[in-house]
Amino acid sequence: MTTSAGARQAGWIAGAGNSAFALTLPVTEQMNHRGIRVIHRYTDDAAGNGDYIDWWSPEIDINTGFQSLNGGTVYYDPATGQLATGWRNVAGNNYYFADGYQMKPGSDDWVYNDQLHGQMYTGVQWADGHCYDFGRDGVAHAQSWNDGWSWPFPASGEGSFAFGQGFGYNWAGRTNSYHDGLDFGAYDHPGADVHAVHGGRVIDIATVRDQQARDLWWYALVWDGRTLFVYQEAFSNRSRIIVNVGDLVYPGQVIGYRDLSHLHLGMNTSPNYRMDLAHSYQPNWTDSSQATGSGSWIDPEWALRVRPY
Ligand SMILES: [Zn+2]
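Owing to the predicted nature of the structure, the values given are computational and were not obtained by experimental measurement.

Visitor: Help me understand the overall build of the protein, please; the structure alone is not making it clear to me.
Guide: Counting secondary structure elements, the protein contains three helices and 25 strands. Relative to the compact-globule value of 19 Å for 309 residues, the protein shows a C-alpha radius of gyration of 29 Å, a clear excess of over 25%. With the C-alpha coordinates of the protein rotated into their principal frame, the extents come out at 100 × 35 × 35 Å. Long-range pairs, those at least 24 residues apart, make up 53% of the contacts in the protein with a sequence separation of at least 6. In the structure as shown, the protein presents an accessible area of about 16,000 Å², 50% of it carried by carbon and sulfur atoms. Taken as two groups, the 18 positive and 32 negative side-chain charges of the protein have centres that lie 4 Å from each other.

Visitor: Can you help me understand the coordination of the zinc ion in this one?
Guide: Tetrahedral coordination by four donors puts the ideal angle at the metal at 109.5 degrees, and octahedral coordination by six puts it at 90 or 180 degrees. The protein atoms donating to the zinc ion are H179 (NE2), D183 (OD) and H264 (ND1), with metal-donor distances spanning 2.0 to 2.2 Å. Look at where the donors of the zinc ion fall in the sequence and you get H-x3-D-x80-H. Of this pair, H179 sits in strand β15 (residues 178–179) while H264 sits in strand β23 (residues 262–268); the two residues are 85 residues apart in sequence, bridging distant segments of the chain.

Visitor: What exactly am I supposed to notice about the pattern of salt bridges here?
Guide: Charged atoms that come close allow side chains of opposite charge to pair. Within this structure, the stated rule accounts for nine salt bridges. D259 serves as the salt-bridge partner of R240, at 3.6 Å between the closest nitrogen and oxygen. With R240 in the loop between β20 (228–235) and β21 (248–249) and D259 in the loop between β22 (254–257) and β23, the pair connects residues that are 19 residues apart, well separated along the chain. For R305, the salt bridge is made with E301, and the minimal N-O distance between the two is 3.0 Å. Linking R305 with E301, this pair stays in helix α3 (residues 300–306), spanning four residues, or about one helical turn. Looking at E301, the relative accessible area reads 18%, which means it is buried. Through salt bridges with shared partners, a single ionic network connects E158, E301 and R305.

Visitor: Which parts of the structure should I look at to understand the nonpolar core?
Guide: The nonpolar side chains of a soluble globular protein tend to be buried, and buried together. F184, F229 and Y231 are the most contacted members of the largest nonpolar core, which totals 29 residues. Counting only elements with at least two residues in this core, the list comes to β16 (181–185), β18 (200–209), β19 (215–223), β20, β23 and α3. No other element matches the four residues that β20 contributes to this core. Ignoring sequence-local partners within four residues, the contact set of F184 consists of W151, P152, F153, F161, Q165, H189, R258, S261, H262, L263, L265 and L304. The next biggest cluster of nonpolar side chains, apart from the first, holds 12 residues, and it includes W110, Y178, W223 and V230.

Visitor: Looking at this model, I keep getting lost on the packing of aromatic side chains. Mind explaining?
Guide: Each aromatic ring pair is summarised here by two numbers: the centre-to-centre distance and the angle between the ring planes. As enumerated under the stated definition, the model contains 21 aromatic pairs in all. Among the aromatic residues, those joined into a cluster by ring pairs are W87, Y96, Y121, Y132 and F134.

Visitor: Before we go on, may I ask you to explain the sheet that holds β16 in this structure?
Guide: Sheet strands line up and pair through hydrogen bonds in the backbone, either parallel or antiparallel. Across the sheet, which stays open at both edges, the six strands sit in the order β16-β23-β20-β19-β18-β21 with antiparallel pairing between neighbours. Both edges of this open sheet fall to β16 and β21, since each of them pairs with a single strand only. The sheet contact formed by β18 and β21 spans two bridges and is antiparallel. Bridging across to β21, R201 finds its partner in L248.

Visitor: Mind showing me how you'd approach the environment of Y95 here?
Guide: Structurally, Y95 is set in strand β8 (residues 93–97). For Y95, a relative accessible area of 8% corresponds to the buried category. Along the primary structure Y95 and W55 are separated by 40 residues, whereas in three dimensions their C-alpha atoms are 35 Å apart. Once residues lying within four places of it in the same chain are set aside, the contact partners of Y95 are F66, G86, W87, R88, V90, M120, D137, G138 and V139.

Visitor: Any chance you could explain the domain arrangement of the protein here in plain terms?
Guide: How big an interface is tends to be reported as the loss of accessible area on association of its parts. For the protein, the domain assignment lists domain 1 (3–56), domain 2 (65–146) and domain 3 (168–306). Computed over C-alpha atoms only, the centres of domain 1 and domain 3 are separated by 65 Å.

Visitor: Just to check I follow, could you spell out the environment of V245 for this structure?
Guide: Along the chain, V245 falls in the loop between β20 and β21. Linking V245 and R201, residues 44 residues apart in sequence, is a C-alpha distance of 7.8 Å. What V245 contacts, discounting residues up to four positions off in sequence, is V202, I203, D204 and I205.

Visitor: Can you help me understand a nonpolar patch on the surface in this one?
Guide: Together, F21, L23, L25, Y42, I53 and W55 line one region of the surface with nonpolar side chains, adding up to about 620 Å² of accessible area. Among the structural elements, W55 can be located in strand β3 (residues 52–56).

Visitor: Explanation requested: the pairing of strand β5 (residues 65–69) in the structure shown.
Guide: Looking down a regular strand, the side chains alternate between one sheet face and the other. Of the pairings in the sheet, the one linking β5 to strand β6 (residues 72–76) comprises five bridges and is antiparallel in character. Directly across from S68, in β6, lies its bridge partner T73. Counting the residues that bridge the hairpin from β5 to β6 gives two residues, and of these N70 lies at a positive phi of roughly 50°.

What counts, and where the lines are drawn
- Residues numbered from 1 in each chain as written.
- Predicted model: local features only at pLDDT ≥ 70, side-chain atom pairs only at ≥ 80, totals over all residues.
- Heavy atoms only, no water.
- Helix = DSSP H or I, 4+ residues; strand = E, 2+ residues; numbered from the N terminus.
- Rg over C-alpha atoms; globule rule 2.2 N^0.38 Å.
- Contact = heavy atoms within 4.5 Å.
- Areas by Shrake-Rupley, 256 points an atom, 1.4 Å probe, with all protein chains shown as cover.
- Lys, Arg positive; Asp, Glu negative; His and termini not counted.
- Charge placed at Lys NZ, Arg CZ, Asp CG, Glu CD.
- Donors = N, O, S within 2.8 Å, 3.2 Å for Na, K, Ca; no water.
- Salt bridge = Lys/Arg side-chain N within 4 Å of Asp/Glu carboxyl O.
- Buried < 20%, exposed > 50% of the residue type's maximum accessible area, 1.4 Å probe, protein only.
- Core = buried A, V, L, I, M, F, W, Y, C linked by side-chain atoms within 4.5 Å.
- Phe/Tyr/Trp six-rings, centres within 6.5 Å; stacked < 30°, edge-to-face > 60°.
- Pairing = 2+ DSSP bridges.
- Domains from an automatic or database assignment.
- Patch = residues over 30% accessible without salt bridge, like charges linked within 9 Å, V, L, I, M, F, W, Y side chains within 5 Å.

Here's what the structure looks like:
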């Protein structure tokens with residue numbers, strides 16, 4: 001501000017033309033990504049203990065709010081300076097920001113990606129088990145018609161399951177008598193087309209090999225932000241699975257063609273399939289060193305019938 005501006009502001013006060021001042025405030029790292037206010041104290045005492053009037057500036061955002069970073073958009077919380085993750089309501093709109101964890105293809109491990117941390121979702125995505133169109137501007141619009149469920153072989157629906165095909169502690173022939181999924185046999189649930197039971201994103205397609213390095217089967221993993229869906233033991237080779245890593249799938253969409261004796265459908269609360277698989281013979285796992293912390297197997301028969309979300 002110039003001194004003549006000071007005179008314009010309060011010209012009736014004697015000496016106003018000499019009263020304006022300008023200050024330069026160095027922006028420190030502590031201020032970055034925060035909203036700050038500058039407080040001016042006008043006082044008759046050099047130590048500030050006399051009569052005084054305080055003037056508070058409007059909030060000044062220091063490189064905060066929505067910002068471009070790593071080729072996408074992130075949001076810095078003006079109060080904490082932290083990159084937002086998960087759901088955020090900003091000016092009445094809902095946005096979703098990635099936590100930075102993703103499946104490392106082929107390893108089935110859930111790993112941290114610094115570039116992904118805080119990235120705003122755009123386009124169609126599943127978050128917390130529900131489908132949204134975040135468009136180009138990141139504003140969430142629910143696509144609830146994509147939140148449905150399907151039986152993997154809709155023509156036979158739920159059908160029936162023989163002894164040992166069900167979920168949980170049901171057959172002494174297995175390790176710990178525990179079955180971490182539900183088996184849809186080719187004889188009790190006929191048909192080759194395997195339909196997605198819920199929407200989500202394909203996060204890995206990989207194979208399980210025997211000790212001679214021959215493919216036993218291929219599997220596909222679909223994650224909806226809440227549940228990991230494992231489609232395994234149905235596909236003899238990669239070409240039997242017709243979706244790719246990164247694809248979105250919708251409930252009822254054909255994702256592959258079964259050519260083995262059954263489809264094993266697994267559902268876990270953790271997307272860290274390496275950890276889930278390491279705990280195939282127990283209902284759940286907990287490990288504080290892992291990003292998701294814990295995982296629990298869900299009974300697919302219950303979920304497909306009850307449709308819990
Ligand atoms: Zn099974």
